[in-house]
Amino acid sequence: QVQLVESGGGLVQAGGSLRLSCAASGGSVSQCHMGWFRQAAGKEREFVAAITWSGGSTYYADSVKGRFTISRDNAKNTMYLQINNLKSEDTAVYYCAAAFRLGYGLRREATYTYWGQGTQVTASS
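Let me sum up the structure you'll find in this document. Note that the structure is predicted; figures quoted are calculated from it, not measured.

1. What about the pairing of strand 4 (residues 33–39)?
And step 1. Burial of strand 4 is extensive: six of the seven residues sit out of reach of the surface.
And step 2. Alignment of strand 4 against strand 9 (residues 92–99), held across seven bridges, turns out to be antiparallel. Residue pairing for strand 9: R38 is matched across the bridge by Y94.
And step 3. In this antiparallel pair of consecutive strands, strand 4 and strand 5 (residues 46–51), the connection spans six residues, and G42 shows a positive phi of 80°.

Below you can see the structure in the form of structure tokens.
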């Protein structure tokens, strides 16, 4: 059973940067497509970014395009999300997820089989 653990969240001043990590254990995710989602207080969880198993294709929500970069290191069984120019609206719990197939598309939660517990990212003004 694959387990995903996010790390790297915290309180960062608006305009700052941080890097989230998603480490997998209990199995390899090198053949899995992976994604990041986030959920702000009182809102539904939303798609942030996704990357195919090879890293050859990446996808971003319009709200983060140009500021966030998703990447992965299959040798380390780990995925990353580099966040630059953090904005107040980025404040949320960030979740990573893994999918065996493209399914409903990598922007859809239903595509993903495994989920992490989340890490809080807070932008301070």
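2. Focus: the packing of aromatic side chains
And step 1. Following the criterion strictly, the structure yields five aromatic pairs and no others.
And step 2. Considering the side-chain rings of F37 and F47, the 5.7 Å spacing of their centres and the 75° angle between planes classify their relative orientation as edge-to-face. Here F47 lies in strand 5 and F37 lies in strand 4, a separation of 10 residues in the sequence. In this structure, F37 and F47 share a single accessibility class: buried.
And step 3. Here a set of aromatic residues connected by ring pairs shows up, and it is made of F37, F47, Y112 and W115.
And step 4. Taking the ring centre of Y95 as reference, the NZ or CZ of R45 above it sits at 4.8 Å.
And step 5. A cation sits over an aromatic face here: R45 above W115, 4.0 Å from the ring centre.

3. Description of the nonpolar core
And step 1. Counting 37 residues, the largest nonpolar core has L4, M34, W36, L81 and Y94 as the members making the most contacts within it.
And step 2. Those elements that place two or more of their residues in this core are strand 3 (18–25), strand 4, strand 5, strand 7 (68–73), strand 8 (78–83), strand 9 and strand 11 (119–124).
And step 3. At six residues, strand 9 tops the list of elements feeding residues into this core.
And step 4. Discounting chain neighbours no more than four positions away, the residues touching L4 are C22, A23, A24, V29, M34, C96, A97, A98, Y114, W115, G116 and Q117.

4. Observations regarding the state of the cysteines
And step 1. Enumeration over the complete set of coordinates arrives at one disulfide.
And step 2. The disulfide partner of C22 is C96, and the S-S distance across this bridge is 2.1 Å. Its torsion about the S-S bond being 65°, the disulfide of C22 and C96 is classed as right-handed. Remark: C96 occurs in strand 9 and C22 occurs in strand 3; sequence separation between them is 74 residues. In this pair, the class of C22 matches that of C96, namely buried.

5. Description of the sheet that holds strand 7
And step 1. Spatial strand order, 1-3-8-7: four strands in an open sheet with antiparallel pairing. Strand pairing shows two members of the sheet lacking a second neighbour, strand 1 (3–7) and strand 7, which therefore form its edges. In this sheet, adjacent strand axes meet at a mean angle of 15° when their direction is disregarded.

6. Here we look at the environment of Y94
And step 1. With respect to the element layout, Y94 can be found in strand 9.
And step 2. Once the C-alpha coordinates of Y94 and E44 are considered, the two residues, 50 residues apart in sequence, prove to be 12 Å apart.
And step 3. Setting aside residues no more than four positions away along its own chain, Y94 makes contact with E6, L20, W36, F37, R38, V48, F68, L81, I83, G118, T119 and V121.
And step 4. Within the structure, the side chain of Y94 is placed 3.0 Å from the side chain of R38, a separation counted as a polar contact.
And step 5. Among the polar contacts made by the side chain of Y94, one reaches the main-chain carbonyl oxygen of D90 at a distance of 2.6 Å.

Conventions and cut-offs
- Residues numbered from 1 in each chain as written.
- Predicted model: local features only at pLDDT ≥ 70, side-chain atom pairs only at ≥ 80, totals over all residues.
- Heavy atoms only, no water.
- Buried < 20%, exposed > 50% of the residue type's maximum accessible area, 1.4 Å probe, protein only.
- Helix = DSSP H or I, 4+ residues; strand = E, 2+ residues; numbered from the N terminus.
- Pairing = 2+ DSSP bridges.
- Phe/Tyr/Trp six-rings, centres within 6.5 Å; stacked < 30°, edge-to-face > 60°.
- Lys NZ or Arg CZ within 6 Å of the ring centre and 35° of its normal.
- Core = buried A, V, L, I, M, F, W, Y, C linked by side-chain atoms within 4.5 Å.
- Contact = heavy atoms within 4.5 Å.
- Disulfide = S-S within 2.5 Å.
- Axes fitted to C-alpha atoms, helices over the stretch in contact; angles between N-to-C directions.
- Polar contact = N/O pair within 3.5 Å; in protein donor to acceptor, adjacent residues only side chain to side chain.

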